[in-house]
Structures are given as structure tokens and as C-alpha cells.
Amino acid sequence: MSDEVVTLNVGGMLYTTTRATLTKYSDSMIGTMFSGHYVPTAFDQQGNYFIDRDGYMFRHILNFLRSGQLCLPQGFKDFDLLEAEADFYQVPSLICAIKSVRQRSFAATARHRQGFYIEILDFEETAYFYRFYSDPPRGINTELKNSGLVISGSKQVLLTLPLPEKTMKDLQIGESVYRTVNLSSTSCPRMAIIHHLQGAGWQLVMTSFSNSTNSDGSYMVHKYIWYLPVT
């Protein structure tokens, strides 16, 4: 049964592979769909399995299932769409691979840009993830348990933003000084920051999302990278 040839219709595009390839990651959504324990309910007019997802992006999903490697064409930019598809099929190693390739692609592009960057982490539910990113000072952590922002970047740039003075850490590297600011959701509305960035000429160049649940609770983190060109 594992070497059974299967034809899929994904969003109108046909793909032919084997059941063994589709079930390579048995704990994934797509692995479960073709494990034999799940009965597909959608077929096209030719009797092929039908999945109502992006057909073009599925080629990258399928190639990863075949080789265990994420090979994207040069200049690939549809990372948001690919991440959304990978999240649907729930292949953990693929999701990690996309994030890794995306970060390398962004770093390579950033080296050729002249300007400033800031990182905004927008989180909800719990402050658990702070133990991965930083150690907030005593008295601030309690304000950030429900929701809030962590904004990091060049100190001279952050000083131009309409932020309350709640500075967590300054880090000096050579002649450059970087700053990280913790903000509770009540101390500075999110939209006020976004409107200021857009009005000042900042460009949103990268977004990502992650969530997790464990013994310390659940958390969701949205990551945004903003870029300000030097004129």
C-alpha cells in the first residue's frame, strides 16, 4: 500500500506521487490524510483526491516530502503564502525549514540595503516567551503578561518613536548602541505606532508568526521587521 501511486488535485493542479511520500511524516496533517485511517471526502470529476489549497505552492510542499530539503527558486519572495500552506499541512520540520530559509534570505537582502531596521514582537496570552528573548526587569514583567510589544533597534532610531520611557536594555556594539523597549498594551496603542511608522516612511519588509502551548501556558508571537531607507 505504501508504494501506491496517488494523484492529487490541489487547487486545480494535478500532482502524482506515492502514498509513502505523502505519509513520510506520519504526525503531520497530510500524513494523517493519507494514512488509511482518514477517509477523504472530496474528489474531482476524474476521481482524484481534491485538496482546496494553493496548487502552485504545493509543489514546494511535495518536494520537501520527497527529499527532506526545502529548495526554493532564486529570488523566491512568497514566504507568507508558503508558511500558510505549510501550517495547514502541519509538517513541523518543513515549517522550521521555511523560517530558516526566510531568515537567511532576509539577512542577505539586508546587507545590501542602506537604512535602519527595527523589530517588533507583538505577543498575547502569556509572557512565557520572554525567557527565550530577554529577561524583563522586575516590575515590568507583570504588565506584559496579557499582551504587549517588545521593540528593538538602534537607540537613535527608537528615540524618534512616540514611545513611553520603559527601557529594558541598552546594548553597545562598537560605536552603535541598540535598545529594547517593553510596552504593555495599555501604555502605547499598537495602531499609534503603526501609523507613526507609515507616516515617517518606514516599510514593513518581513512578518512571521509562531504559537506554542506547554506547561507554562500558551503564547502567540507576531514578529514584524520594519525598514527605514536612508535618503
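Residues numbered from 1 in each chain as written. Predicted model: local features only at pLDDT ≥ 70, side-chain atom pairs only at ≥ 80, totals over all residues. Heavy atoms only, no water.

> Is there a simple way to think about the pattern of salt bridges in this case?
Once the charged atoms of two side chains with opposite charge are near each other, the side chains can pair. Applying the stated criterion across every chain, the model contains six salt bridges. In this structure, Arg 102 engages Asp 80 in a salt bridge whose closest nitrogen and oxygen atoms are separated by 2.7 Å. With Arg 102 in helix 5 (residues 92-110) and Asp 80 in helix 4 (residues 79-89), the pair connects residues that are 22 residues apart, well separated along the chain. The network of salt bridges with common partners includes Asp 80, Glu 83, Lys 99 and Arg 102. (Salt bridge = Lys/Arg side-chain N within 4 Å of Asp/Glu carboxyl O. Helix = DSSP H or I, 4+ residues; strand = E, 2+ residues; numbered from the N terminus.)

> Help me understand the packing of helix 3 (residues 55-67) against helix 4, please; the structure alone is not making it clear to me.
Interaxial distance between helix 3 and helix 4 falls to 10 Å at its minimum, and their mutual angle equals 65°. In this structure, helix 3 crosses over helix 4, and the sense of that crossing is right-handed. In this structure, helix 3 contributes Met 57, Phe 58, His 60 and Ile 61 to the contact, and helix 4 contributes Leu 81, Leu 82, Glu 85, Ala 86 and Tyr 89. Here the residues of the contact of helix 3 with helix 4 are counted per class, giving seven nonpolar, one polar and one charged. (Axes fitted to C-alpha atoms, helices over the stretch in contact; angles between N-to-C directions. Left-handed = near helix turned anticlockwise from the far one by under 90°. Contact = heavy atoms within 4.5 Å. Nonpolar A, V, L, I, M, F, W, Y, C, P; charged D, E, K, R; others polar.)

> I'm lost on the environment of Gln 103 in this one. Help?
Note that Gln 103 resides in helix 5. For Gln 103, a relative accessible area of 46% puts it in the partly exposed group. With 103 residues separating them in the primary sequence, Gln 103 and Met 206 have C-alpha atoms 9.3 Å apart. (Buried < 20%, exposed > 50% of the residue type's maximum accessible area, 1.4 Å probe, protein only.)

> Teacher, can you tell me more about the packing of aromatic side chains here?
Two measures describe an aromatic ring pair: the distance that separates the ring centres and the angle between the ring planes. Within this structure, the stated rule accounts for eight aromatic pairs. Here Tyr 15 and Phe 58 contribute two aromatic rings whose centre-to-centre distance is 5.1 Å and whose plane-to-plane angle is 70°, an arrangement assigned as edge-to-face. Pair noted here: Tyr 15 is in strand 2 (residues 13-18) and Phe 58 is in helix 3, with a separation of 43 residues, a long-range link. You'll find Tyr 15 and Phe 58 in the same group, each marked buried. Here the aromatic rings of Phe 76 and Phe 79 are separated by 5.1 Å at their centres, their planes lie at 90°, and the arrangement is edge-to-face. (Phe/Tyr/Trp six-rings, centres within 6.5 Å; stacked < 30°, edge-to-face > 60°.)

> Mind showing me how you'd approach unusual backbone geometry here?
One non-glycine residue, Gln 90, lies in positive phi territory at about 50°. Among the secondary structure elements, Gln 90 is positioned in the loop between helix 4 and helix 5. Residue classification places Gln 90 among the partly exposed residues on the basis of a relative accessible area of 34%.

> Sorry if this is basic, but what is going on with the sheet that holds strand 1 (residues 5-10) here?
Each strand in a sheet pairs with another by means of backbone hydrogen bonds, the pair being arranged parallel or else antiparallel. Read across the open sheet, the three strands follow the order 2-1-3; overall the sheet is mixed. Where the open sheet ends on each side, the last strands, each with one partner, are strand 2 and strand 3 (49-51). Neighbouring strand axes in the sheet, compared pairwise and without regard to direction, differ in orientation by 30° on average. Taken together, the six bridges between strand 1 and strand 2 define a ladder with antiparallel strand orientation. Directly across from Val 5, in strand 2, lies its bridge partner Thr 18. (Pairing = 2+ DSSP bridges.)

> Hey, could you run me through the pairing of strand 1 in this one?
The side chains of a regular strand alternate between the sheet's two faces. Where strand 1 hands over to strand 2, the hairpin turn is made up of two residues, of which Gly 11 adopts a positive phi near 60°. Across three bridges, strand 1 lies against strand 3 in parallel orientation. Bridging across to strand 3, Val 10 finds its partner in Ile 51.

> Before we go on, may I ask you to explain the nonpolar core in this structure?
For soluble globular proteins, the rule of thumb is that nonpolar side chains tend to be buried together. Core analysis: the biggest nonpolar cluster contains 28 residues, and Phe 34 and Phe 58 have the highest contact counts within it. The set of elements that each furnish at least two residues to this core consists of strand 1, helix 2 (29-33), strand 3, helix 3, helix 4 and helix 5. The element best represented in this core is helix 3, accounting for six residues. Residues Val 157, Leu 158, Leu 161 and Trp 226 belong to the second largest nonpolar core, which totals 13 residues. (Core = buried A, V, L, I, M, F, W, Y, C linked by side-chain atoms within 4.5 Å.)

> How should I be thinking about the side chain of Arg 102 in this particular structure?
Under the relative-accessibility criterion, Arg 102 is labelled buried at 8%. From its side chain, Arg 102 meets the backbone oxygen of Thr 207 in a polar contact 2.9 Å long. If sequence neighbours within four positions are ignored, Arg 102 has contacts with Phe 79, Asp 80, Glu 83, Met 206 and Thr 207. (Polar contact = N/O pair within 3.5 Å; in protein donor to acceptor, adjacent residues only side chain to side chain.)

> Explain the environment of Glu 83 to me, please; I cannot follow it from the model alone.
With respect to the element layout, Glu 83 can be found in helix 4. Not counting chain neighbours up to four residues away, the residues in contact with Glu 83 comprise Ile 98, Lys 99, Arg 102 and Ser 208. Within the structure, Glu 83 has its side chain in polar contact with the side chain of Arg 102 (distance 2.6 Å).

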